[in-house]
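What follows is each chain in one-letter form.
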Amino acid sequence: MISIKCPHCQVGLKVNEGKLPLGITSFKCPQCKQAIPISLVLEKKNGSSEDSETILIQPVKETTGKLTVVAAPETPEQIFPLHEGVFIVGRKSSASKADLMIETGDRSMSREHIRIEVKKEPRGGYKHYLSDNNSKNHTLYKSNYLEEGEIVVLNNNDEIVIGHTILRFNV
């Protein structure tokens, strides 16, 4: 048995670490019902604690991200919350079929410039996938142009440039 404190409500708990199922990344606090992340200590085969290796399992993010359009002279700041599904992002126009339409005077942004897919992961949390949507002026991600058919996983604070407009992805 080990003694721990819930990081959310600070209630003291006694946990029998031998009874935790393999592969578990967190468990719910019986008091506040919030997830408590687990750190596992793996021992080498000879059982020596000197050879043990600690692996910290990061808590699973249960929220989806958002896309922020960085304000510029011809583009006001705009925030688009994302949820599970596929989103086409592009310049607002009467001819656009984009799901997220950016109000801008930036004519180098296509009306359907990028594609973002938000998928729920089997162990919980969400992944956000970015690809260029056959745009005329391509998509810049982390200072590199996305190749045709290339799909990247977005991380917190990633910068995406479509046309001359900067987008910031945050979780």
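Note that the coordinates shown come from a computational prediction; the quantities given were computed from them, not determined experimentally.

Reading the values: the criteria
- Residues numbered from 1 in each chain as written.
- Predicted model: local features only at pLDDT ≥ 70, side-chain atom pairs only at ≥ 80, totals over all residues.
- Heavy atoms only, no water.
- Pairing = 2+ DSSP bridges.
- Helix = DSSP H or I, 4+ residues; strand = E, 2+ residues; numbered from the N terminus.
- Axes fitted to C-alpha atoms, helices over the stretch in contact; angles between N-to-C directions.
- Phe/Tyr/Trp six-rings, centres within 6.5 Å; stacked < 30°, edge-to-face > 60°.
- Lys NZ or Arg CZ within 6 Å of the ring centre and 35° of its normal.
- Core = buried A, V, L, I, M, F, W, Y, C linked by side-chain atoms within 4.5 Å.
- Buried < 20%, exposed > 50% of the residue type's maximum accessible area, 1.4 Å probe, protein only.
- Contact = heavy atoms within 4.5 Å.

Looking at the sheet that holds strand E16 (residues 158-162)
- Strand order in the open sheet formed by 6 strands is E8-E7-E17-E16-E13-E14, and the pairing between neighbours is antiparallel. In this open sheet, the two strands that pair with only one neighbour each are strand E8 (78-81) and strand E14 (144-145).
- Of the pairings in the sheet, the one linking strand E7 (residues 66-69) to strand E17 (residues 165-170) comprises 4 bridges and is antiparallel in character. Within E17, the position partnered with Thr68 by the bridge is Arg168.

Some words on the sheet that holds strand E9 (residues 85-91)
- An order of E10-E9-E11-E12-E15 is seen for the 5 strands of this open sheet, with the pairing classed as mixed. The sheet is open, and its two edges are formed by strand E10 (100-102) and strand E15 (151-153), each paired on a single side. Direction aside, neighbouring strands of the sheet carry axes that sit 25° apart on average.
- Bridge count between strand E12 (residues 126-132) and E15: 3 bridges; the pairing is antiparallel. Among the inter-strand pairings, Tyr129 is bridged to a residue of E15, identified as Val153.

Points about the packing of aromatic side chains
- What the rule picks out here adds up to 0 aromatic pairs.
- Between Lys119 and the ring centre of Tyr129, over which it is positioned, the NZ or CZ distance is 5.4 Å.

Brief notes about the nonpolar core
- Core analysis: the biggest nonpolar cluster contains 21 residues, and Leu67, Ile102, Ile116, Leu130, Ile160 and Leu167 have the highest contact counts within it.
- Counting only elements with at least two residues in this core, the list comes to E7, E9, E10, strand E11 (114-120), E16 and E17.
- It is E11 that provides the largest number of residues to this core, a total of 3 residues.
- In this structure Leu167 touches Leu67, Thr68, Val69, Ile102, Ile114, Asp158, Glu159, Ile160 and Ile162, once residues within four positions along its chain are discounted.
- Ranked by size, the runner-up nonpolar core spans 7 residues in total, among them Cys6, Leu13, Ile36 and Ile38.

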